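The lines below spell out each chain.
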Amino acid sequence: MKRFVALVLSTFVLFAAGLVSFAAPVHSNSPAQWHATAVLTNTDTGEKSFVPINLAESSIKKTSDSSQCFTEKATVYFKISNSEIQPCYSDTSISETDVKATIKITYNRSSDKIQVTNVSGSWIPDNSQIQISNRSVDYGDGGPLSSGHSAHQKPTSNSFSYTTGWPASSDAMSGARAYSTATVSVTGMSSHTIEVFVTATK
């Protein structure tokens, strides 16, 4: 049994290391380092590309002698080539920045404990011809085999905000994390999946 648990943990660490290697630079202006990653996938071909994080924002507020409140926010401009759109539309108002996606996670830290309190974000299309569907948000704290929490949400609009009500838990392994995904569609062109990951660790 111990050997099996060790194997599971090793596999998770290798996966996390691989994901972080594609992430934006570590934002370490505070004791809580955090990573943000964005991925664009063509749903017809399966081709994936990593997209730069355009804006990374971080704030800290001391809530007590031993606790601090952190807010980490990533903003990404997902671009789809005009060459795919122009043959179907004479309207050239569709820009190269088709969807602005944001995700923000707020959490408290105290010693070796972490408490995710809120996750929010949005998807903002540049043009009314751009449709957003299949919206999904996941977030949590703690790590595998720990006493952490997790939640899965299906937003019905292009903005979301979820207050967790969770108690604090151990932040071993993965700390606080949030993930959003949605499908971007325009009639006459391939649809794309856009994903944004935010992970905060020590």
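Residues numbered from 1 in each chain as written. Predicted model: local features only at pLDDT ≥ 70, side-chain atom pairs only at ≥ 80, totals over all residues. Heavy atoms only, no water.

### Describing the overall build of the chain
So, point 1. What the chain contains, in helices and strands, is one helix and 12 strands.
So, point 2. Residues counted as buried form 44% of the 202 residues belonging to the chain.
So, point 3. A fraction of 61% describes how many contacts in the chain between residues 6 or more apart in sequence connect residues 24 or more apart.
So, point 4. For the chain, the accessible surface area stands at approximately 10,400 Å², while carbon and sulfur atoms represent 54% of it. (Helix = DSSP H or I, 4+ residues; strand = E, 2+ residues; numbered from the N terminus. Buried < 20%, exposed > 50% of the residue type's maximum accessible area, 1.4 Å probe, protein only. Contact = heavy atoms within 4.5 Å. Areas by Shrake-Rupley, 256 points an atom, 1.4 Å probe, with all protein chains shown as cover.)

### A few points about the packing of aromatic side chains
So, point 1. Within the structure shown, the criterion is met by six aromatic pairs.
So, point 2. Ring geometry for W123 versus F160: centroids 5.3 Å apart, planes at 45°, classification tilted. Of the two residues, W123 is situated in strand β6 (residues 113–125) and F160 in strand β9 (residues 159–163); the sequence distance between them amounts to 37 residues. F160 carries the same exposure label as W123, and that label is buried.
So, point 3. With a centroid separation of 6.1 Å and 15° between ring planes, the pair formed by Y139 and Y162 is classed as stacked. Of this pair, Y139 sits in strand β7 (residues 131–141) while Y162 sits in strand β9, and the two are 23 residues apart along the sequence. Taken individually, Y139 and Y162 each receive the classification buried, so the pair is uniform in this respect.
So, point 4. One aromatic cluster in this structure is built from W123, Y139, F160, Y162 and W166. (Phe/Tyr/Trp six-rings, centres within 6.5 Å; stacked < 30°, edge-to-face > 60°.)

### Considerations on the sheet that holds strand β8 (residues 150–153)
So, point 1. Taken in spatial order, the six strands line up as β2-β1-β12-β11-β7-β8 in an open sheet, and their pairing is antiparallel. Where the open sheet ends on each side, the last strands, each with one partner, are β2 (48–51) and β8. Each neighbouring strand pair of the sheet contributes to a mean axis angle of 15°, computed without reference to strand direction.
So, point 2. Pairing analysis gives 10 bridges linking strand β1 (residues 33–42) to strand β12 (residues 192–201), with the strands arranged antiparallel. In the strand pairing of β12, A38 is matched with V196. (Pairing = 2+ DSSP bridges. Axes fitted to C-alpha atoms, helices over the stretch in contact; angles between N-to-C directions.)

### Description of the side chain of S180
So, point 1. Among the secondary structure elements, S180 is positioned in strand β11 (residues 176–185).
So, point 2. When residues no more than four places from it in sequence are discounted, the contact partners of S180 are I103, W123, S136, V137, F160, I194, E195 and V196.

### Things to note about the nonpolar core
So, point 1. F78, V119 and W123 are the most contacted members of the largest nonpolar core, which totals 38 residues.
So, point 2. In terms of residue count, the dominant contributor to this core is strand β5 (residues 97–110) (five residues). (Core = buried A, V, L, I, M, F, W, Y, C linked by side-chain atoms within 4.5 Å.)

### Considering the pairing of β7
So, point 1. Alignment of β7 against β11, held across nine bridges, turns out to be antiparallel. When the bridges of β11 are listed, S136 appears paired with T181.
So, point 2. Sheet topology places β7 next to β8; four bridges connect them, and they run antiparallel. Within β8, the position partnered with G140 by the bridge is S150.

### Observations concerning unusual backbone geometry
So, point 1. Despite not being glycine, N134 shows a phi value in the positive range, around 50°.
So, point 2. Taking relative accessible area as the criterion, N134 reaches 53% and is therefore assigned exposed.

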